[in-house]
Every structure is written in structure tokens, then in C-alpha cells.
Amino acid sequence: MITFRVLGPLTAEDERGPVDLKGPRHRAVLARLLVARGRVVPVDMLVADLWEDPPDGAVGAVQTFVAALRKALEPGRPPRTPARLLITSGPGYALRAEDVDAWRFEDAVHGSPDDIDAALALWRGPAYADVADQPWARGEIARLDELRLLAVERRAAVLIDTGRAAQAVPELEAHVDAHPWREEAWRLLATGRYRTGSQGDALDTLRRARLLLADELGVDPGPALRQAEADILAQAPPPEPVTTTLVGRSEELARLAAATGERLALVAGEAGAGKTALAEAFAAHLSAHGWTVAWGTSPDDDGLPAAWPWTTVLDALPGTPPEPDPVRARWHRAVAAHLGGHAPLLVVLDDLHWADEATLALLASLVLEPPPQRVLVLATYRTTDVPPRLRDLLGRVARAEPVRVYLTGLPVPAIPALVRATTGRDVDAATAAAIHQRSGGNPFFVRELARLLDTGDLSDVPAGVRDVVRHRVATLPGTVQDVLRRASVLGMDVELELLPGDVLDAIETAARRGFLVEQGPGRFRFTHGLVRDTVYEDVSRSRRARWHAAAAEALAERRPGEVAALAHHYLLAGNGSAAARYARAAAEDAERRFAPHQAVRWWRVVREFGEPDDHVTAGLARTLAVTGALTEARALRAELLGSAPALVAFDVPAIWTEHDDPALAKEIAGAAARALADDPPPALRSRLLATIALELRNTGDERARAAAREAEELARGLDDPAVLAFALNARFMQSFDRAGLAPHRAAIGAELAALPDLVPFEVLGHLILVQSRAALADLAAADRHAAAADRLGAEHGIPLIGVFTDWYRALRLSITGAPAEAAYRAAAARLAGTGMSGVDNGILGLALLCDRLQRGLPPADGDIATDFGAHEPWCRPLVDGSRSRGADIPPAPHDLLFEVRTCLHALTAIAGGDRPTMARLYEELLPAADELAGAGSGLVTLRPVAHYLGDLAAALGRDAAPHHRHAEEVAARAGAAHWLRRVGPRPGRTG
């Protein structure tokens, strides 16, 4: 991407460096298109804008200028292919620029106050300096100049509002002198002087403004100036300073707060670490405790007078500062005495790495020969830019034992708070971890990445970060820049033996400047992913490919076992066949380590560039399913029906008893059954039998249950945990032949969760235990297993786990009587689009109906979801109030929802007086008397099954009391107080 800079002379820069924009006419064409901001500029308008009296052949000249600019801006574009940046459109041309400093400046001015300094730093001179005399540019130049003046005033307002009026006053004086007609500038200057304790100077400022406006313009001051004068005359107290957002630095702030009896505190860190923010927070803390605060900043500008930071400090304090003395020591003593007269005093010297020798000499004198009064100097500097004169100063003041605070990156837990302070939005733990990984916790980088959350991808490099890193790289010696760029091709970790030649000196220089950190002998690492990515992206794609190929060759010679790194380098070098060869081994290794997302990447490389076989297809299908891409995984499985080994290689855990694709499941079960005829060895036979049981699920019969039993029996005779896990999954899927089997499923879940080194089945075990413990009203145990499943999902990037645990937490709210509808709807929204159609088949309607019934509410409600999907026969009679007989409703399938559907069936049968159906349902539900009706699904629930047994018994003329007492015991165990108040037969059709 090309960066255009117009806030000064017009320049353009791509990943190779500055772009040659040719002559003045070429630059004028480019500037005219940039002013148009992407709109088409007709050729005849370009001609009129370029020449006051167009010559013959002006149109051809414009075309020549455009062709030359296209060649400069897109040097790698193949001949006769359309331009992508400077395009022809209709009657003219348009520039499809993405990165223009003026546009970023405008966004920053209207954005957060934190961005103002960076925005003003973009200015290198008058806007569009090359074409400032052109009529077509004047409007845009005037607009940008006005925005710059607004930014200067916004910055001053921020300084005043955050208790740093003394820092704002000198800048406002220069601003007012240059732009005397800006009333807001006068108001800010008067306010700043008043906030520094100079009421007389503030009133004099307002008097000067009033006279200027009256004499020159014949107008009175506006309302804002008049209000400022009234406030000053009334000695209105200033508002509480706006506290600067300081996140994750409480320990550092406490260290500074404990140092108020010292002479010097040094706050150091890399650029963007938050040194100034910490100094601002500390200054606000001392100011609130009665200290005077004066602030001086060392600008990156050699043209300012010597000791400029001290000049701003002294000007900010009341009274007449001492005049400079040719005898330096005498002047230093006079300054120390003057500062002591304002004790207790905090002097902040910001950006000491840019300080001149005179500034550092006065600081050393003040520290080594301090005034007797309480004067504390807090100095900030960058650890990556320590010039020799600052190193000398640090050595001289070391004997004064200054307090030293070194700011490293923020920890991961602090990232959400900083993102919230920057954007106002909350982020989850995974996003916070991704931001931390990219930024290294650097607060500036974190804020810039946070702003990408709504507009871009976290894998992008924010424009502000790119500019900062490029500026820092440009200060390195040329040889160091070259080595650093080559090192970026290796990734975050840099090993010297993979770089050609003797590069140690260059690498050490880059490390001293903060680009790398040493990890061990010959091993370095980029400090931040954003730094590495910026350096890498500034290398042309052709050169990157060449360097990746060299890295692959060096790695293959030295460490051929690092298959993932080799696949990566060969892939980016454009050598697909070599990449595929190593990618197969890398995918297998990733699966062994349970890194499914990495495995997906490498299996895809093999399928695209290598010679894919059934093993590759099965691997990709398996890892896609684990990472949540179920639809694509099913399509790949359909390719494997002819291969028994590949068919059973899809050993992905299954938790739900209704299949997402029944037709494919039937084909797979048939193919597995046919493969059994070949008398396979025990391990393969066990997997084939388990496949049959898993694919048939709740549509199976005794044949499927027998297959699951034999698969488990064979697996237990083998020393293969993976085969046993697959067989146990099959036994779970076939453990629904009657009600009341939650304890049996809990035993299966516990065994799965304890199997070693099988993360997917460990997760399955915890989810089964969530279901079974919830069915048994042991919510504390269910909570523990839900948390364990979530933890594994977060650690290994398994997105579908959260779908089930979200549903469980909505179920839990329902059990305890808390409002649950919103949680159910949120869980349903997350379920949508996962490809789990077997689960998402009217489940929200069922859940909301059950939630109303278990609370004793009428089943029909205008807001209830009316799509009951597969659950229609059991739900609709209750909602519509029809007098349907229980015999009209089909028996519930034997699956995770058997108990809840059967209890709904019972409610309809009771209301219709269908005694034969009631008697049958009573016998079917009796084994589940100690369970909650439906909670074994982990998704929905009614009340305890014993409650419905009591209602059935009462309707049949039997003794209902034992069942209702049992229901009370189960309700108490579940912590469902609202059920305890409603135990017993209920009139009508409520639950």
C-alpha cells in the first residue's frame, strides 16, 4: 500500500521507500486527484487546472503525466493490465488512495483527544506546499489549515482540563500572536493563565482581545470570551481536572507516590509504553494533595532555544524567573532557589531523550545540589533512544539514587479495560489475548489495534503504528535496516544461523534500539508482532519470496525436522510442491499436539499443492469439524465412503443425539457395515462398529446398541485410548433406550474426561457430565464441568463448546427461577449458523415453552417462539389449547430429549383424560423419578420428573403424595425454590 503525504511537500512512499513523482506537472496532477478524494476528475478539468492558457497537445501531455505516475506508483503491474490505483473512469481519472496523511489527520482531529498530538505531528509544512498557489487547491488548503488550528486549540484545551495549564500557556501565546482573530485561542490563553494562578495576566489577556476586536473589526467579544471574563472576575474555582485514563499501572503509580521525599524519579520505557500518561496521573495526584506542578517537554526540534523545557517550567510558575547568567553555576543556583520558593513542587520533564545539553546540565545540578525545600523532578525518557549525553546524565545522577520505574507491556488482564477506555466497547478474553499477542501490551499499540475492531482486522497494522515504526526504522544505519528486514522474514523469532553472513553487530544494534530482545545465544525475538509485521510488509513480495526460499534451504540443512517452519517458508517462497511435502507432516504433528486450526491450514496446503489422498481428506474433514466448520467437513466425509480406514479416521466426538445430515449418516453407516464383511483387525472393527452406532444415533435399534456394546468390548481389549474413546462415545450415543440413565452416562463422561492426551474426548466427557449432573439436579458439579469445557475450548480454539455451555447457563437460570428468556435467545443466536441443524431444530421454541411451564405460567404467550421444529407434536397441543388426546401424539424418540417430550405428552394426556396413554407414560417415566425432566439435554428443562409422575398418579386415581414428596427433594437439591411452592397437581395445562 502507498502512503501519500500532503501535509507539507507532496510525497509518496511504498514498501520499497520513497516513490519518484517526477516533475512539477506530474505532482500537480497527483495533487489534483488527491484533492478530489477518490472522485473522478475529467481530463478537460485537469487541463484547465494545469495551464492558465492550455497549449496544443495538452490532453496528450496529461495522458503522458498519468502514464508516468502509474509506472511510478505501480512498478510491478504487468503490461496491458488495468491500473488499480490511478484508474481511468469515464471522462477522466481517479486516484483510489487508501492512506493519505491529511485524511488520517482529519479523523484524528474529530476523534479521541489522545490522538491530537500524533495528528499534529503529521504536519511537515504548509499543506499541499507544491501547489499552494493554485486556485483549485486553495479551498482544501484553507480547510486543512483551519483543522490544524482547531487541533492546536483542542490540544491546549486538553492540557488545561487535565491540570497542565502551565504547559499550554507558552504554546497558546505563539498561537494567538499568529492568529489574533481567533476568539477561542484568546479564551484558552486567558483560562490557562488563570489556572496557573495568574489572575492579573488572565484579565490582561481578555482586555487585549477586547481592544483588538473592537479596533480592528468593530465587534464585541463573543459569549465564550464574556463568560471566561465573568468566571475570572468571580474567581470561579476551576473544574476538577479530567483524569487521564491510566490502565494497569497502579503498582507503578504507588511507587511514585511513595517517592515524594526524593529528588529525582525516572520513568523509562519504549515509545508508547505510557510514560507521559503515568506522569500525568502522578501530577494530578500530587496536585490534589496541594503540590504545585510545572511541566516542561523536550521537543524533537533542534531549532528551539537552549534549556527550552526549563523555560516553560519557569514561565509556568508565579513570579519573575531568574535571568540567564553567563556563569552557568550561578544561574543553576538561582533556578534552584526559585523552584524551592514554590515547594512542595513537582517538575515534570517529559521526553528527556530529546533534551539538549543545557537542559540536562540544569537537571544534574538540581539533583546533586538540591534546594532544601521539597522539589521533586520526574523525568521520562525512551529506553530505545538514549543518546550519549543522556547516558552521561544518568551516570552522574546515579549516586543520588533516583527512584526508577521501568514500564513494560501491560499484562493480558489489563487489555479489556484499555480497549474499553479507548473505544467504549467490551472485548472477550480471546480478543484481548489476540490484541496482547500483536501489541506486546504496549498501550499505544493496544489503542491503535482497538480502533481496528470496528473497521478492520486485527491482523492489519494500524496506520499510526506503521508510521511510528517506519520512522524508527529510518533512524537505523542502512546495514542494520537491511538485516532487520531480512530477519523479519524468519518470523517473530530470529535465529542468527538462518541469516547469511556475520549479522551479529547489526542485530545487536537493532536490539539496543528496541526492535529485538535477546532470548539466548544466537536467538532474538521481535519486541512486538506489529513491529515485525511493519518491517516485513515494507519488503517487496518478490524479495520476500527469495528470502523465504533461502531461509527454507538453511533450515532444511540444519533442522529438517521442523516441518511446519519448512512448509511455511516454502509456501511463501512459491514452491508449492515442497510446501505440500512438509505440510503433510506438519498437519499430522499439529493433530498430535491438538492444534486443530494449524492442522486445517496444513491439510489445505497439501490438498491444493500436493497429491491429496483419502488420508489427507479425512484429516481435513476431522480438523474442520473440531474447529466448527461442520458443513464443509460433512461434504469431505462424503468423499470417503469407499475407504474403511479413512471412513473411521473421522473420530470427531459427538454430543447430540439427532444427526445434522441423516441421509449422509445412513450412507456412512451402510459403508461401515459393508466394511465389516472383510473381517478387519480388532481396532478397525471396533472403530467401524462405533461408526455405525454414532451415525445411526436416535434412529438406530437394537442393532446399533449391539454395535456400540461390541465396539466397547473390543476396545477394552486393546491398549489404545483413542479407540476406547471412540467406542465410549458410541456407547453414550446408544444409552437412551429407556428413561433414567443419567447415572450411566455420568460414568461414561467421567471415563472420557480422564483419558490422557485426547483433548476432544476430554471435552466430550465434561459436556456429558454437564448434561448428566444437571439431570440429577447437581448443578454445582455441572458448573465445574461447564467451566472445564470452556477452559479447554479457549485453550485449544474449539468454538462450538461455548454454544453448549451458553445453553447450559440459560438452563441453569431457568432451574433457579431467574429470568432466562434473554439468555435462551442469546444462546439460540449463537447456535444459528453453526451447521448443527440436528440441535437447531425448533430448540428455542421448546426451551421457551418449557421455561414458562416450569414457572407455572400459561403455555401460550404472544412473545413465545412458535417454531417448534422437530418438537411440534409435543408442544403444539399445549400452546394451541386443543383438546387433542394423548394417543394422537407419537411416542418420543429415545434421545436426550426423551424425558422432556414425554412429560409434555403427559400434560396433554392429563388434560384430555386419556387414561391408557397416562398409564403408559407413567411406566416410561418412572425410572427417571430422581431426575429433572429435560435437563439431561443440557439445554432445556421442566420440573422434576417426580412432579409429573405425581400428576399422572393423581389423574389415574393412584397415590400421588410419594411422588410429590420426591419432587420436593429433587427441587431442594437443585436450589429451585419456586418449585417448592408449586409442588402438587396443577389445574389446567401448566407444568
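Computed from a prediction, not measured in an experiment: that's the story for all the values here. (Residues numbered from 1 in each chain as written. Predicted model: local features only at pLDDT ≥ 70, side-chain atom pairs only at ≥ 80, totals over all residues. Heavy atoms only, no water.)

A. Spotlight on the packing of helix 8 (residues 183–195) against helix 10 (residues 223–233). It is at 9 Å that the axes of helix 8 and helix 10 come closest, and there the two elements cross at 15°. One way to sum up the angle between helix 8 and helix 10 is to call them roughly parallel. For the crossing formed where helix 8 meets helix 10, the hand is left-handed. In this structure, helix 8 uses Glu183, Trp186, Arg187, Ala190 and Tyr194 to contact helix 10, whose residues at the interface are Ala224, Leu225, Ala228, Asp231 and Ile232. Of the residues assigned to the contact of helix 8 with helix 10, the class counts are seven nonpolar, no polar and three charged. (Axes fitted to C-alpha atoms, helices over the stretch in contact; angles between N-to-C directions. Helix = DSSP H or I, 4+ residues; strand = E, 2+ residues; numbered from the N terminus. Parallel < 35°, antiparallel > 145°, perpendicular 65-115°, else oblique. Left-handed = near helix turned anticlockwise from the far one by under 90°. Contact = heavy atoms within 4.5 Å. Nonpolar A, V, L, I, M, F, W, Y, C, P; charged D, E, K, R; others polar.)

B. A look at the sheet that holds strand 14 (residues 516–520). Spatial ordering of the open sheet is given by 13-15-14, a layout of three strands whose pairing is antiparallel. Lying at the two open borders of the sheet, with one neighbouring strand each, are strand 13 (493–495) and strand 14. Geometrically, the sheet is characterised by an average inter-axis angle of 30° between neighbouring strands, direction not taken into account. Bridge count for strand 13 against strand 15 (residues 523–526) is three bridges, and the pairing is antiparallel. Following the sheet pairing, Asp493 is matched in strand 15 by Arg525. (Pairing = 2+ DSSP bridges.)

C. Focus on the packing of helix 1 (residues 24–35) against helix 3 (residues 58–73). Following both chains from N to C, one finds helix 1 and helix 3 inclined at 80°, their axes separated by 10 Å at the closest point. For the element pair helix 1 / helix 3, the angle class is roughly perpendicular. Here helix 1 contributes Arg25, His26, Val29 and Leu30 to the contact with helix 3, which in turn contributes Phe65, Val66, Ala68, Leu69 and Leu73. Of the residues in the contact of helix 1 with helix 3, the class split is seven nonpolar, one polar and one charged.

D. Inspection of the packing of aromatic side chains at higher detail. Counting across every chain of the model gives six aromatic pairs. Taken together, a centroid distance of 5.8 Å and an interplanar angle of 50° make the contact between Phe444 and Phe445 tilted. Look at Phe445 and you get buried, because its relative accessible area is 3%. Ring centres of Trp807 and Tyr824 lie 5.5 Å apart, and the angle between their planes is 50°; this geometry places the pair in the tilted category. One end of the pair, Trp807, is in helix 38 (residues 800–816); the other, Tyr824, is in helix 39 (residues 821–831), and 17 residues separate them in sequence. Comparing Trp807 with Tyr824, the two get one shared label, buried. (Phe/Tyr/Trp six-rings, centres within 6.5 Å; stacked < 30°, edge-to-face > 60°. Buried < 20%, exposed > 50% of the residue type's maximum accessible area, 1.4 Å probe, protein only.)

E. Focus on the sheet that holds strand 3 (residues 17–18). Reading across from one edge, 3-2-1-7 is the order of the four strands in this open sheet, with mixed pairing throughout. Strands at the two margins of the open sheet, each flanked by one partner only, are strand 3 and strand 7 (99–100). Where strand 1 (residues 3–5) meets strand 7, two bridges bridge the pair, whose relative direction is parallel. Within strand 7, the residue paired with Phe4 across the bridge is Val100.

F. Seen up close, the side chain of Asp851. Inspection of the secondary structure puts Asp851 in helix 40 (residues 843–854). A polar side-chain atom of Asp851 sits 3.2 Å from a polar atom in the side chain of Gln854. Polar contacts involving the side chain of Asp851 include one to the side chain of Arg855, which spans 3.1 Å. With sequence-adjacent residues up to four places away left out, Asp851 is seen in contact with Ser814, Ala820, Tyr824 and Thr941. (Polar contact = N/O pair within 3.5 Å; in protein donor to acceptor, adjacent residues only side chain to side chain.)

G. Layout of the pairing of strand 8 (residues 264–269). Within strand 8, six of the six residues are buried, leaving the element largely enclosed by the surrounding structure. Of the two faces of strand 8, the one holding Leu264, Leu266 and Ala268 and the one holding Ala265, Val267 and Gly269 are both buried throughout. When strand 8 meets strand 11 (residues 375–382), the two strands line up parallel, connected through six bridges. Following the sheet pairing, Ala268 is matched in strand 11 by Tyr381.

H. Quick look at the environment of Arg532. The topology assignment puts Arg532 in helix 23 (residues 529–537). Assessed through its relative accessible area of 13%, Arg532 is described here as buried. Along the backbone, Arg532 and Leu516 are 16 residues apart, and their C-alpha atoms lie at a distance of 9.3 Å. Once residues within four sequence positions are removed from consideration, Arg532 is found in contact with Ser488, Val489, Gly491, Met492 and Phe526. For Arg532, the side chain forms a polar contact with the side chain of Asp533, separated by 3.1 Å.

I. Region of the structure containing a negative patch on the surface. A grouping of Asp502, Asp505, Glu508 and Glu518 is seen on the molecular surface, where their side chains present a negatively charged patch. Looking at where Glu518 falls in the secondary structure, it is placed in strand 14. (Patch = residues over 30% accessible without salt bridge, like charges linked within 9 Å, V, L, I, M, F, W, Y side chains within 5 Å. Areas by Shrake-Rupley, 256 points an atom, 1.4 Å probe, with all protein chains shown as cover. Salt bridge = Lys/Arg side-chain N within 4 Å of Asp/Glu carboxyl O. Lys, Arg positive; Asp, Glu negative; His and termini not counted. Charge placed at Lys NZ, Arg CZ, Asp CG, Glu CD.)

J. Up close: unusual backbone geometry. Cis geometry is found at the peptide bond from Ala343 to Pro344, where omega equals -5°. Even without glycine at this site, Phe594 takes up a positive phi of about 50°. Topologically, Phe594 is positioned in the loop between helix 26 (576–592) and helix 27 (596–609).

K. Here's a closer look at the side chain of Asp895. On the secondary structure map, Asp895 appears in the loop between helix 41 (872–880) and helix 42 (898–912). Of the polar contacts made by the side chain of Asp895, one reaches the side chain of Arg901; its length is 3.1 Å. Excluding residues that lie within four positions of it along the chain, Asp895 makes contacts with Thr657, Asn698, Phe736 and Arg901.

L. Structural context of the pairing of strand 5 (residues 86–89). Relative to strand 6 (residues 92–95), strand 5 is paired through four bridges, and the arrangement is antiparallel. By the bridge assignment, Leu86 is partnered in strand 6 with Leu95. Between the antiparallel neighbours strand 5 and strand 6 lie two residues, among them Gly90 with a positive phi of about 60°.

M. Just the pattern of salt bridges, in detail. Within the structure shown, the criterion is met by 58 salt bridges. We note a salt bridge from Glu173 to Arg193, for which the minimum N-O separation is 2.4 Å. In this pair, Glu173 is assigned in helix 7 (residues 165–178) and Arg193 in helix 8, connecting sequence segments 20 residues apart. Of the residues examined, Glu173 reaches a relative accessible area of 31% and is grouped as partly exposed. A relative accessible area of 13% places Arg193 in the buried class. Here Arg901 makes a salt bridge to Asp895, at a shortest N to O gap of 3.1 Å. Pair check on accessibility: Arg901 and Asp895 agree, each one buried. Several salt bridges converge on common partners, so that one network encompasses Arg5, Glu13, Asp99, Arg104, Arg466 and Asp467.

N. Focus on a nonpolar patch on the surface. Taken together, the side chains of Trp181, Leu217 and Val219 present a nonpolar region at the surface, about 290 Å² in accessible area. Within the fold, Leu217 resides in helix 9 (residues 199–217). Residue Leu217 is classed as partly exposed on the basis of its relative accessible area of 48%.

O. Focus on the environment of Gln373. Within the fold, Gln373 resides in the loop between helix 15 (357–368) and strand 11. C-alpha of Gln373 to C-alpha of Leu33: the two residues are 340 residues apart in sequence and 62 Å apart in space.

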